[in-house]
Structures are given as structure tokens and as C-alpha cells.
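# Geometric and topological summary
Here's the letter readout for the chains.
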Amino acid sequence: MALVNCPECSHQVSNTAIDCPSCGTSLNKLKRSFFGKIFKWLFILFNIFMLVASFKACGGVSEVYTSSQNEYEQAGAAIGTTIGMGLMLTIWVFIDVILGLFVLFTRPKR
Ligand SMILES: [Zn+2]
């Protein structure tokens with residue numbers, strides 16, 4: 001443990017201090033743990049993946065819809081899409097909540 005000068009008030013503070021006891025300036029950035037980083041990135045990547053997947057699914061559905069021969073096929077495609085999208089959204093939200101909780105729990109601590 002060494003003493004350093006606070007850049008704000010030039011008070012002598014320990015180099016392990018998170019913020020200056022005199023003026024409250026943050027000296028060391030709080031770091032996420034290894035797992036914290038993994039969960040954060042999983043969360044971000046998962047959302048990007050789901051967004052891309054949704055766009056692709058929408059494109060595929062409209063293709064099926066326009067290539068359908070009759071109204072029954074179109075109705076089937078519409079129903080299938082509604083169920084599929086509903087299911088996908090449910091899973092999306094579900095996984096987001098779980099990953100979000102992990103991101104929250106692995107937040108940097110003092
Ligand atoms: Zn200070």
C-alpha cells in the first residue's frame with residue numbers, strides 16, 4: 001500500500017482507495033470480474049443474435065406468404081408466424097431476464 005496524491009485536491013490517499021476520502025473523486029475504476037464480463041457480452045451478443053434472427057425470420061415468412069398458392073396456405077403461414085414469433089419473443093424475454101440478472105449480480109463491487 002502506497003500513498004499517492006489525489007489529482008483533484010492533492011490530498012494524500014492510498015493507491016488502493018476507490019475514491020478520495022477528502023473530495024470523493026474516483027481514483028480507481030471498478031472492474032467487472034471475469035464472469036461479469038462474460039455475462040455482459042453474452043447479454044449483448046444474444047440480443048444482437050435475436051435481432052438478426054427476427055429480421056431473417058420476417059424475410060422468410062413474407063417469402064412463404066407471397067409464394068403461397070391459396071388462402072389456406074396463407075392462413076397457415078400467418079398462424080405459424082404468429083405462434084412462432086410469440087414463442088421466440090417469450091424465449092427472448094425469458095433469456096434476457098436471466099442473463100440480465102447475472103449481469104446485475106456480477107456487477108463490480110466496492
Ligand atoms: Zn481528493
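Model, not experiment: these values are computed from the prediction.

About the cut-offs
- Residues numbered from 1 in each chain as written.
- Predicted model: local features only at pLDDT ≥ 70, side-chain atom pairs only at ≥ 80, totals over all residues.
- Heavy atoms only, no water.
- Domains from an automatic or database assignment.
- Helix = DSSP H or I, 4+ residues; strand = E, 2+ residues; numbered from the N terminus.
- Polar contact = N/O pair within 3.5 Å; in protein donor to acceptor, adjacent residues only side chain to side chain.
- Contact = heavy atoms within 4.5 Å.
- Expected span 1.5 Å × (residues − 1).
- Buried < 20%, exposed > 50% of the residue type's maximum accessible area, 1.4 Å probe, protein only.

## Some points on the domain arrangement of the protein chain
- Here the domain parsing of the protein chain yields domain 1 (1–30) and domain 2 (32–110).
- Between the C-alpha centres of domain 1 and domain 2 the distance comes to 44 Å.

## Comments concerning the side chain of Asp96
- You can see Asp96 is positioned in helix α2 (residues 71–105).
- Engagement of the side chain of Asp96 in a polar contact is seen with the side chain of Asn47, the distance being 3.2 Å.
- Ignoring any residue separated from it by four or fewer positions in sequence, one finds Asp96 in contact with Phe43, Phe46 and Asn47.

## Examining α2
- The end-to-end C-alpha distance of α2 is 50 Å, a good match for the 51 Å that 35 residues give at a rise of 1.5 Å each.
- Along α2, the positions that sit buried rather than exposed are Ala77, Trp92, Asp96, Leu99 and Val103.
- At its buried positions, α2 is contacted by α1 (34–67).
- A distance of 3.0 Å separates the backbone nitrogen of Tyr72 from a side-chain oxygen at the start of α2, and that oxygen is part of Asn70.

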